[in-house]
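# Structural overview
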Amino acid sequence: MLTVATGNKAVAAAVKAAKPAVVAAYPITPQTEIVEQIAEYVTAGEMDARYIPVESEHSAMTACIGASITGVRSFTATSSQGLLYMHEMLHWAAGARLPIVMANVNRALGPGWNVWAEHTDAFSQRDTGWLQFFVSTVQEAYDTTLMAFRIAEDTGILLPVMVNLDGFVLSHIMQSLETVEIGDYIPPMVLPHKIDVDNPAGYGTLTGPNDHFKFRWEIERAMRHSPSVIRDAEEEFARRFGRKYGPTDEYLCDDADVLIVSMGTLGKEAEVAVDILRKEGVKAGSMRIRWFRPFPELDIRGRDLVVLDRGYSFGFGGVLTDSIKSRYRDASIFSVVAGLGGQEVTYDDIAEFVRNRRMNEEYWFGVDA
Amino acid sequence: MFEIRIHSRGGQGGVTAARLLAMAAFLDKKHATAAPFYGAERRGAPVTSFVRIDEEPIKIYSQIRSPNLIVVLDASIMDTVDVLQGIQEGGTVLINSPHPVHLPGVNVLSIDLTGIALSVDLVVSGSPILNTPVLGALAKMDVISRESAESAIRDMFSDERNVKAAEAAYKELIL
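This is a predicted model, so every value here is computed, not measured. All chains use their own residue numbering, which begins from 1 and follows the written sequence. To label them, take the chains in the order written and letter them from A, then take the ligands in the order written and number them from 1. Local features are withheld for residues below a pLDDT of 70 in this predicted model, meaning they are given only at 70 or higher, and side-chain atom pairs are given and counted only at 80 or more; totals for whole chains, interfaces and linings count all residues. Working from all heavy atoms in the structure, the side-chain values ignore hydrogens and water.

### Remarks on the overall build of chain A
A helix here means a DSSP run of H or I that spans at least four residues, while a strand means a run of E at least two residues long, and both kinds are numbered starting from the N terminus. For chain A, the count of helices and strands is 11 helices and 17 strands. Put simply, the radius of gyration uses C-alpha atoms, and a globule should come to 2.2 Å times the residue count raised to 0.38. By the compact-globule yardstick of 21 Å for 369 residues, chain A fits well, its C-alpha radius of gyration being 20 Å. If one aligns the C-alpha atoms of chain A with their principal axes, the spans along those axes are about 70 × 50 × 45 Å. Put simply, chain A has 369 residues, and 60% of those count as buried. Within chain A, contacts between residues at least 6 apart in sequence are counted, and of these 81% link residues at least 24 apart. A 1.4 Å probe and the Shrake-Rupley method give the accessible areas. Residues count as covered only by the protein chains that appear here. Carbon and sulfur atoms make up 52% of the accessible area of chain A, which totals about 15200 Å². To sort residues, take the accessible area from a 1.4 Å probe on protein chains only and compare it with the maximum for the residue type: under 20% means buried, over 50% means exposed, and anything in between is partly exposed. We call two residues contacting when some pair of their heavy atoms lies within 4.5 Å.

### A look at the domain arrangement of chain A
In many analyses, interface size is given as the accessible surface area lost on bringing the parts together. Residues and elements named next belong to chain A. For the purposes of this description, domain bounds are those given by an automatic or database domain assignment. Its domain assignment divides chain A into domain 1 (2–178 + 207–241) and domain 2 (248–364). Contact with domain 1, which involves 29 residues of that partner, is made by 22 residues of domain 2. Buried surface at the junction of domain 1 and domain 2, summed over both partners, amounts to about 2100 Å²; 59% is from carbon and sulfur atoms. Two parts placed together each lose some accessible area under a 1.4 Å probe, and adding up what both lose gives the buried area. Per-residue buried area on domain 1 facing domain 2 is highest for Phe123, Arg126 and Phe134; these three make up 28% of the total on that side. In the sections that follow, a salt bridge refers to a side-chain nitrogen of Lys or Arg positioned within 4 Å of a carboxyl oxygen of Asp or Glu. Taken together, domain 1 and domain 2 are joined by 5 salt bridges. Arg290 serves as the salt-bridge partner of Glu234, at 3.0 Å between the closest nitrogen and oxygen.

### Overview of the sheet that holds strand β16 (residues 332–337) of chain A
Residue and element names in this part refer to chain A. When DSSP finds two or more bridges between two strands, those strands count as paired. Judged by pairing direction, the sheet is mixed, and its 6 strands sit side by side in the order β9-β11-β10-β13-β16-β17 without closing on themselves. The open sheet is flanked by β9 (248–251) and β17 (362–364), the only strands paired with a single partner. The mean inter-strand angle of the sheet, taken between neighbouring strand axes irrespective of direction, is 20 degrees. Where β9 lies against strand β11 (residues 284–289), 4 bridges are found, and the strand directions are antiparallel. Note on β11: the bridge partner recorded for Glu250 is Met287. Note on geometry: axes are C-alpha line fits, over the in-contact stretch for helices, and angles between N-to-C directions span 0 to 180 degrees. Strands β10 (258–262), β13 (304–309), β16 and β17 of the sheet are contacted by helix α11 (residues 347–355), whose axis makes an angle of about 140 degrees with β13.

### A look at the packing of aromatic side chains
Two aromatic rings, drawn from Phe, Tyr or Trp (for Trp, its six-membered ring), form a pair once their centres lie within 6.5 Å of each other, and the interplanar angle then sorts them: stacked below 30 degrees, edge-to-face above 60, tilted otherwise. Tallied over the entire structure, the rule returns 14 aromatic pairs over all chains. Note on Phe292 of chain A and Phe295 of chain A: the rings are 6.4 Å apart at their centroids and 85 degrees apart in plane angle, and the pair reads as edge-to-face. Accessibility assignment for this pair places Phe292 of chain A and Phe295 of chain A in one class, buried. In this structure an aromatic cluster arises from ring pairing among Phe123, Phe134, Phe292 and Phe295 of chain A. The rule for a charge over a ring is simple: NZ of Lys or CZ of Arg within 6 Å of the ring centre, and within 35 degrees of the ring normal. For the cation-ring pair, Arg65 of chain B lies above Tyr347 of chain A, with the distance from its terminal atom to the ring centre recorded as 5.2 Å. The ring centre of Tyr170 of chain B lies 3.9 Å from the NZ or CZ of Arg146 of chain B, which sits over that ring.

### So, the interface of chain B and chain A
Each partner contributes residues to the interface: chain B has 17 residues there, and chain A has 27 residues. Across the interface of chain B and chain A, roughly 1900 Å² is buried in total on both sides, 62% from carbon and sulfur atoms. A per-residue breakdown of the area chain B buries against chain A is headed by Phe26, Lys59 and Tyr61 of chain B, which together make up 39% of the total. Each polar contact in these results corresponds to two N or O atoms within 3.5 Å; when the atoms are within protein, one needs to be able to donate a hydrogen and the other to accept it, and residues that are neighboring in sequence are counted only if both atoms are side-chain atoms. Where chain B touches chain A, the interface holds 9 residue pairs in polar contact (both at pLDDT 80 or more).

### Some details on the sheet that holds strand β12 (residues 291–293) of chain A
Think of a sheet as strands paired side by side through backbone hydrogen bonds, with each pair either parallel or antiparallel. All names here are of chain A. With mixed pairing, 7 strands are arranged side by side in an open sheet as β3-β2-β4-β5-β7-β6-β12. Both outer strands of the open sheet, β3 (50–53) and β12, are each paired with one neighbouring strand and no more. Going across the sheet, the axis of each strand differs from the next one's by a mean of 20 degrees, ignoring polarity. Strands β4 (74–78), β5 (101–106) and β7 (161–166) of the sheet are contacted by helix α1 (residues 7–18), whose axis makes an angle of about 155 degrees with β7. Seen against the sheet, helix α3 (residues 57–68) touches β2 (22–25), β3, β4 and β5 and runs at an angle of roughly 165 degrees to β4.

Structure below.
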């Protein structure tokens, strides 16, 4: 059905279609609308799920873990400080191989108190073992949330998935949305190690170094296998519903000399900058990274990269820049730190970054000369 | 692309007006986005919302800098906010006011949306509702079609007084 919705409402609609058995959440700006809408679905009888209001995000994730280990689908949503409050349990969810899906509406961290878009919250959870996707439109938020359940629950993966959408910029914008009848796109969840009262087993017991090490290697093995599962989920989605997704969203990249590399909504704004630059004779392209973990293979050979970083590792560099540099040591990068705390970054600004690029340097937009 | 900036105060319905407008444009088979700028929201604080309407899909997320049309739901905002900032040459300002307003160098249309809301008793918690009547005025200005304006209102609100107010605004606005 074709309709209009905000990013938050689109996520809620996708969750409704995915039919989780349990949703546990604590409200936080700018995510609140997602769980409010889900609570309304449950109250109205449109969703046959148990909605557990909890006293904190730590408890929200713990409730999802408790539900998931019984072999049922679970979902939560959060932002910013809430995501950080969950941190300990994010490691637990991945370590226990529980395919929980979470929407994280990206928001800066305090102090000073700031409710606007920034990717630091998600980046700070980079090494927890969660798969992370970043989306750029209301439609993509809906589609990716649906795909997230299928990917997480694949028996070759069994890892939690985080779908990231920019706070306010995407969570609160209204755009067109085509909802789908998902049919059997997400197969019933089968958790091989679910709690079974007829076969008692120990969970979370003391685990010696050798076994612990093996468990960690198993997580990485699943991560290394995940690109094929994600691609399969994306291809099947395209086959059934007509919309194609991949590890990156590339706009005029084939013949480009300079690529604007970004994540989230800045990637769409960058496409407008590409159109402006092309008119000036600059062969620019936009490469928006959709999968942050697992980090995808990128075709960047021989091109200048202008990387837009909406999150920073203090004492080192931009987090997206860092991921690209670690994998592609020879990459020629102009690292632009921009959009922190909801800083306004326009297509004109992005075009200007490209025109004035200084390769292998870093630039803080609005601060540096 | 047609770009509209809506100025209101928190609680007056500027954000909802933007969403209704985008919905109506969408029903007109156009592409549209509605994006409120959220600051520290509180009732009475100035709020800005942005609506873009185009034949092509819209990729821009940044704020509107050169609007074709500016809608002012509360004329008293003009005491503290430069509502005309960045207005395109030949751009129009639609102001909710019982009196004609003159602003040098721009086309000004005024309409008493507050009076219209009160006349059909469209009042919630003591405040007249402005977001549905303004859609009637925007339909008269051909920003959206009259039919889509009414459908968008009915889609969001079941109270028919909203449609009545929009119709009254459609009739009352003098172009």
